[in-house]
Structure formats: structure tokens, C-alpha cells
Amino acid sequence: EQEVRKEAVRVIEACLAVNPLTSEQLQQFILPQFQSLGLDSAQPVRAALAQVLGPVAKALGRDITQRQLLSLISDLLKDECHDVRLNIVSHAGSICEVLSVDGLVHSLLHTIQNLIMDNHWRIR
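Just so we're clear, the structure is a prediction, and the values are computed from it rather than from any experiment.

Definitions and cut-offs
Residues numbered from 1 in each chain as written. Predicted model: local features only at pLDDT ≥ 70, side-chain atom pairs only at ≥ 80, totals over all residues. Heavy atoms only, no water. Helix = DSSP H or I, 4+ residues; strand = E, 2+ residues; numbered from the N terminus. Buried < 20%, exposed > 50% of the residue type's maximum accessible area, 1.4 Å probe, protein only. Contact = heavy atoms within 4.5 Å. Areas by Shrake-Rupley, 256 points an atom, 1.4 Å probe, with all protein chains shown as cover.

**Brief notes about the overall build of the protein chain**
Working step 1: A count of helical and extended segments in the protein chain gives seven helices and zero strands.
Working step 2: Starting at the N terminus, the α and β elements of the protein chain follow one another as α-α-α-α-α-α-α.
Working step 3: Within the protein chain, the proportion of its 124 residues that are buried is 43%.
Working step 4: Taking contacts inside the protein chain between residues at least 6 apart in sequence as the whole, the part at least 24 apart equals 71%.
Working step 5: Accessible surface, the protein chain as shown: approximately 7000 Å² in total, 54% of it carbon and sulfur.

**Brief notes about the side chain of Thr-65**
Working step 1: Mapped onto the elements, Thr-65 comes out in helix H4 (residues 62-77).
Working step 2: For Thr-65, a relative accessible area of 0% corresponds to the buried category.
Working step 3: The residues contacting Thr-65, other than those within four sequence positions of it, are Ala-57, Leu-60, Leu-70, Ile-73, Val-98 and Leu-99.

Spatial relationships are all this shows, so hold off on functional conclusions.
As C-alpha cells, this is what we get:
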């Protein structure tokens, strides 16, 4: 069910705030599910995933985020649904802190430049 997947993703941020998971726990139990959730046909599931990527990236740190989340972040920034793009953009500050300028320039700068020209004013 779409609602179950969406709520399962949304609870990740609360879990990180209340009882922080270790990087190893995130890599073992949570990250393997992210790729399929990023490709989910239901827009609310992808939007929920985009909403938690900032806090997850902070918990994982730079190296793991670059290796395991960067392609997903890039894909979600290009998602056809503006709510998905808006949710990932809302956490751009957190993601930038984790990746640093070097990580952004090489991987996400072109995608972010495209978002500046987005048709939806909330994204710009």
C-alpha cells in the first residue's frame, strides 16, 4: 500500500531525532530500501523520501552520502512531480553542509541550476 510506504518513510526522521541510528544501522536496514522507494510509482512516497534525505544525509556523513545517496538525490531533484522536487530542495541546506562545496560542484550543480528555471514558483 502506498500509504504504508509513505508513513514508513516519514517515521525515519522521527527515529533519527529520538533514538539516533548508527551509520551502520542506516546502511544495513534503511538505505537498501531507498532505491526502490525513489522509483516508486506513487508520488507521495517519493515526496516523503525526499523529505527525509536531508536528516539521513546528516546522520550518514559525507562519504556514505556521496557513495550511496548522491544519485538518488540527483534523480529526485529531476522528478516529474513538483512536490518531490520541493521537498528535496527544502533540505538543500542540510545536504550542502554534508557534501561541502566540492561534492556539490561535481555532482549536483547542473541539476540545481536547472531548478532555478523551474516552471513552478515554489521550486525556484
